[in-house]
Every structure is written in structure tokens, then in C-alpha cells.
Amino acid sequence: MTNGAEGAPLSFAQKVAALVGLGVLLVGAYLVLQPFVVPILWAAILVYATLPIFRRLAARFPNRPILNSLTMTLGLILLLFGPATALSLSLAAESAAVVEALREFSHQDQTPLMEPLLGIPLVGPAIAGEVETLIKDPQILQETLVEWAQRSSGMLQEWAGDVARNIGKLGVTLLTVFFFYLHGQTLMEQTRRAGLRLGFDRLWEYLPAVTRTLNAVMFGLILASLAQGLLAGIAYAVVGLPVPALLGTATALLAVLPFGAPIIWVPAGLFLIAQGDWMGGIGLLLWGMLVVSWVDNLIRPMVISASTRIPFLLVFFGVIGGGLAYGLIGLFIGPIILSVLMTVWREWTEAPQ
């Protein structure tokens, strides 16, 4: 490091002052950007995962970077929110039928349902009394359903993080996506040069491991969600629930979130039990716990492990631990961190002595 005005080397005090100034700048930049770290990470994941598509589009229309970036951003918006919007409209159309079914059920003879509950030792009469109150009083039933919906919504918000709670941060994510598409190549080149100047010359060699892991996480997430939706949809049809295809689609969409699928099949099983169909309700709950939920726990780590050459148990810890530590985005960050760590470990342990 030299003095730019005179060309002489900087003194120790000048070097310390420069490093302190740089540290202050970095801390200040972090404090400014800290509220946007999660949206920026989501934008980076979405752009990096769809980069091959963007490159094909850019090769097809080489002189239209703004139009290409805008097209990809709008395509992501449609892909992310189109199915959820269509599902919401379908559920809204079916809500009237659900309300009518609950009204009819409240006027039916509840003796087949009450007798097994009354037979439960100690707590049976109390449970039967609460259930009978819910069934006979539509207002209390409505308030209870609203409370359950709020609890489910709260769980979804907790796992989905700031994106689900804060529309502003969602806008920041989409805006960042656009500019990552527009200037991503330049940013990656600048990052590579900065890494070389800081002595991280091998940092770029770990990029293939990140790419493989990210692609495997995306593919495993989609495959596991589709499998859960399919298996749950089959169960819905077997037990005789209305609109099983719609319920299966809802299960697949919610299965993207950790523990999201039970938000559909648990209330469905309880609804069957409340109707007196104990066999169907208990069977659906067991199917959900033993089959649907375990499909997610098995398929996703297996896909990631097969694609990245990381042991299954380590991937399992990365997916579950990442989700618990960082929320929904941890499903991506956890396996990526362990993948890079495993790559470094293999370099150290497999290198010739």
C-alpha cells in the first residue's frame, strides 16, 4: 500500500487509519443494508436459480437488457403468485359449500359422535360437552374456526418470514431481482476481482458446489411438494372429501413451507371425525403423519445428497437445521453452507501428503 500523492509506502499509523476507516465503512454499510438482507438473499437465490433461462433469453435478444430483465422478473412474479391466486379464488368459490355443510351437520343427530367421546375416561364428558357446544352454536363454531385460521396464518407467517408479513420487503425483493438480472454479470465479475485482491483466489472454485446444491434444493423442494400433494390428493379422494384435486393442489403449494402440508390434511381429518367418519378421519391423519410428512423428509434430502455427493444425514441436518435457524430461506442456506464446508473438508483430507 503506497501514498498516492508521493508514491512512498504508507506508515504503520496510516495503514491502521485506513483499515479503521474501511471497517467503519463496512459496519455502516451493514447497518444500512441489514433490514434488506433477507430480501437480497431471496433475490440472489431466485436469480441464480433461473440464470440459465435468462442467459438464453439474452442470447436470443442480445441488445435488450432492460426488456430481458423485466420479462424475467414478470415471469417470476407470475410463477410465484399465479398458482396461489388461482387457488385462493377456487377456495373462495368453495367456501359457501363448506359453510352450508357445517350448517347441515349442526342439525344432524350427534349421538354416534358423542358416545365414543363420553367413553373416554376422566376427560371424555368435558370434551363431549365442548364439541356439542361448538356443533350446536354456529356463532361459537365460527369464532373457533376463525381462531384456528389465525393460528395457521400465524404459523405460515413465522415460517415464510418477512416476505409474507411485509409487502414492502416483497417489493424490495422483486426490485432487487430486476437489477440482479440487469447487472448480475458485472456484479459477479467485480466480486471475483475483489476476492482475488483480498487473497481469496480459491473462493471462485467453490461456486460449482453452490450451483449444484442450489439446483438440488430447488428440484428437491418441487419434487417433494408435488409428491405430498399427489399422495394427499389420493387420500382425500379415497375418504370421500369434496374437491380432492383442489385440496391436493393446496397441500402441494403449502408443502413448500416447512410443516405446511398439515395445515390442509389435519383439519380435513378432524372434519371427517366430526362428521362421524372415524375410520376415514383417523385413516387420513395417520396417512398424513406416516406417509405424506415423511415423503418430504426423505425425498428432499435424498435428491440433494444424490446431486451433491454429501452424506444423507448431513443434508438432513442442513435442511431441518437451516429451516429452524433461518426460517424458510434456511432451507436453501443450510444445505449450501454444509455443501461448501464439505467441499473444503474433502480438499483438506483428500489432498496428497
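Here the structure is a predicted model, which means the values were calculated and not measured.

Q: Give me the lowdown on the overall build of the protein, citing residues and values where you can.
A: Of the regular secondary structure elements, the protein holds 15 helices and zero strands. When burial is assessed residue by residue, the protein has 32% of its 353 residues classed as buried. Long-range contacts, defined as pairs at least 24 residues apart, comprise 62% of the intrachain contacts of the protein with a sequence gap of at least 6. Just so you have it, the protein exposes about 21500 Å², and 71% of that area is on carbon and sulfur atoms.

Q: With reference to specific residues and values, describe the nonpolar core.
A: Y236, L241, I264, W265 and L284 are the most contacted members of the largest nonpolar core, which totals 19 residues. Those elements that provide at least two residues to this core are α10 (207-239), α11 (244-254), α12 (262-274) and α13 (278-308). At six residues, α12 tops the list of elements feeding residues into this core.

Q: Tell me about α10, and name the residues and values.
A: Compared with the 48 Å implied by 1.5 Å per residue over 33 residues, the 48 Å span of α10 between its first and last C-alpha is a close match. Positive phi appears at G240, one or two residues downstream of α10, with a value of about 90°.

Q: A description of the packing of aromatic side chains should follow, citing residues and the corresponding values.
A: The tally for this structure, following the rule as stated, stands at five aromatic pairs. Of the aromatic side chains, those joined through ring pairs into one cluster are F312, F316 and F317.

Q: I'd like a description of the side chain of S69, backed by residues and values.
A: Note on placement: S69 falls in helix α4 (residues 65-106). By relative accessible area, S69 is classed as buried at 0%. From its side chain, S69 meets the backbone oxygen of P65 in a polar contact 2.8 Å long. Ignoring anything within four residues of it in the chain, the contact list for S69 reads F54, F178, Y181 and L182.

Q: I'd like a description of the pattern of salt bridges, backed by residues and values.
A: Scanning the model with the defined rule gives one salt bridge in all. R193 is the salt-bridge partner of E189, the closest N and O atoms lying 3.3 Å from each other. Linking E189 with R193, this pair stays in helix α9 (residues 167-197), spanning four residues, or about one helical turn. Residue classification places E189 among the partly exposed positions, given a relative accessible area of 28%. The class for R193 is exposed, based on a relative accessible area of 52%.

Cut-offs used in this document
- Position numbers for residues count from 1 along each chain, tracking the sequence in the order it is written.
- In view of the model being predicted, local features appear only for residues whose pLDDT reaches at least 70, and side-chain atom pairs are presented and counted only at 80 or more, with totals across whole chains, interfaces and linings using the full set of residues.
- Side-chain calculation: all heavy atoms of the structure are included, whereas hydrogens and water are not.
- Helix numbering and strand numbering both begin at the N terminus, where a helix is a DSSP run of H or I of at least 4 residues and a strand a DSSP run of E of at least 2.
- Only protein chains enter the accessibility calculation, which uses a 1.4 Å probe; a residue is then buried when its area is under 20% of its type maximum, exposed when over 50%, and partly exposed in between.
- Contacts are assigned to residue pairs with any non-hydrogen atoms lying within 4.5 Å of each other.
- Using the Shrake-Rupley algorithm and a 1.4 Å probe, accessible areas are obtained, with residue cover drawn only from the displayed protein chains.
- As used in this record, nonpolar core signifies buried Ala, Val, Leu, Ile, Met, Phe, Trp, Tyr and Cys residues forming a set joined through side-chain atoms within 4.5 Å.
- Here, expected helix span is obtained from the residue count minus one, scaled by 1.5 Å.
- To pair, rings of Phe, Tyr and Trp, with the six-membered ring standing in for Trp, must have centres within 6.5 Å; the planes then decide the type, stacked if under 30 degrees apart, edge-to-face if over 60, and tilted in the middle.
- Think of a polar contact as two N or O atoms within 3.5 Å of one another; within protein, one of them needs to be a possible hydrogen donor and the other a possible acceptor, and neighboring residues in sequence only count if both atoms come from side chains.
- The term salt bridge refers to a side-chain nitrogen of Lys or Arg lying within 4 Å of a carboxyl oxygen of Asp or Glu.

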